[in-house]
Each structure stands twice: as structure tokens, then as C-alpha cells.
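# Observations on chain architecture
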Amino acid sequence: LAKTTQPISMDSYEGQEVNITCSHNNIATNDYITWYQQFPSQGPRFIIQGYKTKVTNEVASLFIPADRKSSTLSLPRVSLSDTAVYYCLVVGGSQGNLIFGKGTKLSVKP
Amino acid sequence: GAGVSQSPSNKVTEKGKDVELRCDPISGHTALYWYRQSLGQGLEFLIYFQGNSAPDKSGLPSDRFSAERTGGSVSTLTIQRTQQEDSAVYLCASSSGGDRRVQPQHFGDGTRLSIL
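Residues numbered from 1 in each chain as written. Chains lettered and ligands numbered in written order. Predicted model: local features only at pLDDT ≥ 70, side-chain atom pairs only at ≥ 80, totals over all residues. Heavy atoms only, no water.

Before going further, it helps to spend a moment on the state of the cysteines. All names here are of chain A. In the structure shown here, the tally under the stated rule is two disulfides over all chains. Covalent S-S linkage joins Cys22 and Cys88, the inter-sulfur distance amounting to 1.9 Å. Note that Cys22 is positioned in strand S2 (residues 18-23) and Cys88 in strand S8 (residues 84-91), a separation of 66 residues in sequence. On the basis of relative accessible area, Cys22 is assigned to the buried category, the value being 0%. (Disulfide = S-S within 2.5 Å. Helix = DSSP H or I, 4+ residues; strand = E, 2+ residues; numbered from the N terminus. Buried < 20%, exposed > 50% of the residue type's maximum accessible area, 1.4 Å probe, protein only.)

In C-alpha cells, the structure reads:
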């Protein structure tokens, strides 16, 4: 069963690039990696997902090395509103893995 | 459009009582998930429904927990004989179905359950 590991917390300043890495050593061949953002008293919100190499959308990039045992969420030029908890999710097909990490609490300071 | 709706938003009950938590998914979404989030912890998967397929119940922590999805829409999570360790936020999510690996989940804001 895949297990994910993330740093508990990270600090950054406005305008900096932030990289959050998630380890998933036992990821299965068919599993995908998805990242979510969660603000206090709200449900998580989808950010980005990928299977391998690099994926980019309007808010973030996701880097996945060839062995897929880790993934890195990259947030360019963070702002105060990016202060939140970020979760990586390893998800397999029906009846497969569905494992959330414990989350990384990102604090962005002015 | 309307997002995932969960009710009640807060529930306080005494140890040993049964509770029912409700989830209204986004209209047209065929997949539905339940998670538990204990204070300061990550999300713990509980159960997954997809259309008429047998649900994935692999995350249910004990036989006191059960869930139903009637008519492929509304879902109810039931916890029988509640214990203090059941205190948590229970989150529901839905997605448009198909391959759950690639379909983003849309979450409600959860039900905060407190067991006295």
C-alpha cells in the first residue's frame, strides 16, 4: 500500500517560488499523483495532477521524476493568499490506492 | 453552479449515540467519496461510490461505520455507537466519474462531529 510523506510545514515570503515535495516510494504503476489546497474550515480544492515528467497549469507546476517515487509541487511567485495546507494524493483505479499525505502547511509572509 | 453540500455543518452528540451525515454531490457527478479528517491531520479515505458498481469500502475503520448512496445521488454516512475517537471533520467529495485517477474531486466543507 502506497504511503506518502510531506514536510509538515514551510515558510516563504511573497514573490518567492515555493517547492513542496511529496515522497511516495510504493506508488503503483497505474497510480496518478494529484495535489490539493485546503484553507481553514473549507474542503480541499484541486490544484494539479500528473503521471510522469512535468505538468503545468495556470497556478502551478508538477514535477515527477522517472522513478515516480516522489513529486514536487511548484508555486511561482506566492502571495499571502497562498497560505494554506497542501496535500498530495496518490490514487489508483477503482479498488486501488487512495492515499492522502498529511499535508504541508505553507505560511507566506509579507 | 452549486457545489457539494454537506449537512449538518456541525453535530454534537453523546458517546454511544448513532449519527447520520448527509452529502449532496454536484448534479451529474457519478462518483462520490467520504473522508475523515481528525484535528491537525490529513484526510483518511473511508469509502468510494461509482455509479452502480460495488463501493470501495476499504477505508471504513470498523463495522460501526456504513454508507449508502440512494439513486446514485445523495449519500449518507452512518456511525453507530459513536466513540470519542470518532470526533473529526467528515468530508464528502464528488467527481464526474470515469477513471478516478484523473477526475478531480470537488469537496464540500465538511461536517464537524464532536462526541461528548
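Take unusual backbone geometry next. Here the residue pair B:Ser7 and B:Pro8 is connected by a cis peptide bond, since its omega of -10 degrees sits within 30 degrees of zero. Within the secondary structure layout, B:Pro8 lies in the loop between strand S1 (5-7) and strand S2 (10-13). At A:Arg68, a position not held by glycine, the phi torsion is positive, near 60 degrees. Along the chain, the position of A:Arg68 falls in the loop between strand S6 (61-64) and strand S7 (70-75). We classify A:Arg68 as buried; its relative accessible area is 8%.

Take the sheet that holds strand S6 (residues 65-69) of chain B next. Residue and element names in this part refer to chain B. Within the open sheet, the four strands sit side by side as S1-S3-S7-S6. Their pairing is antiparallel. With one partner strand each, in any of the chains shown, S1 and S6 form the two edges of the open sheet. Direction aside, neighbouring strands of the sheet carry axes that sit 15 degrees apart on average. The sheet contact formed by S1 and strand S3 (residues 19-24) spans three bridges and is antiparallel. Paired with Gln6 across the strands is Cys23, a residue of S3. (Pairing = 2+ DSSP bridges. Axes fitted to C-alpha atoms, helices over the stretch in contact; angles between N-to-C directions.)

Residue and element names in this part refer to chain B. Summed over all chains, the structure comprises eleven aromatic pairs over all chains. Measuring from centroid to centroid gives 6.1 Å for Tyr35 and Phe45, while their planes differ by 65 degrees, and the two rings are edge-to-face. In this pair, Tyr35 sits in strand S4 (residues 31-37) while Phe45 sits in strand S5 (residues 43-50), placing the two residues ten residues apart along the sequence. Judged on exposure class, the residue Tyr35 and its partner Phe45 are both buried. (Phe/Tyr/Trp six-rings, centres within 6.5 Å; stacked < 30°, edge-to-face > 60°.)

This paragraph deals with the sheet that holds strand S5 (residues 53-56) of chain A. To summarise the sheet geometry, strands pair through backbone hydrogen bonds and adopt either a parallel or an antiparallel arrangement. All names here are of chain A. An order of S2-S7-S6-S5 is seen for the four strands of this open sheet, with the pairing classed as antiparallel. Because the sheet does not close on itself, it has two edges, and the strands there are S2 and S5. Neighbour-to-neighbour, the strand axes of this sheet turn through a mean angle of 15 degrees, independent of strand direction. Judged from the three bridges that link them, S6 and S7 form a sheet pairing that is antiparallel. Bridge pairing in S7 links Phe63 to Thr72.

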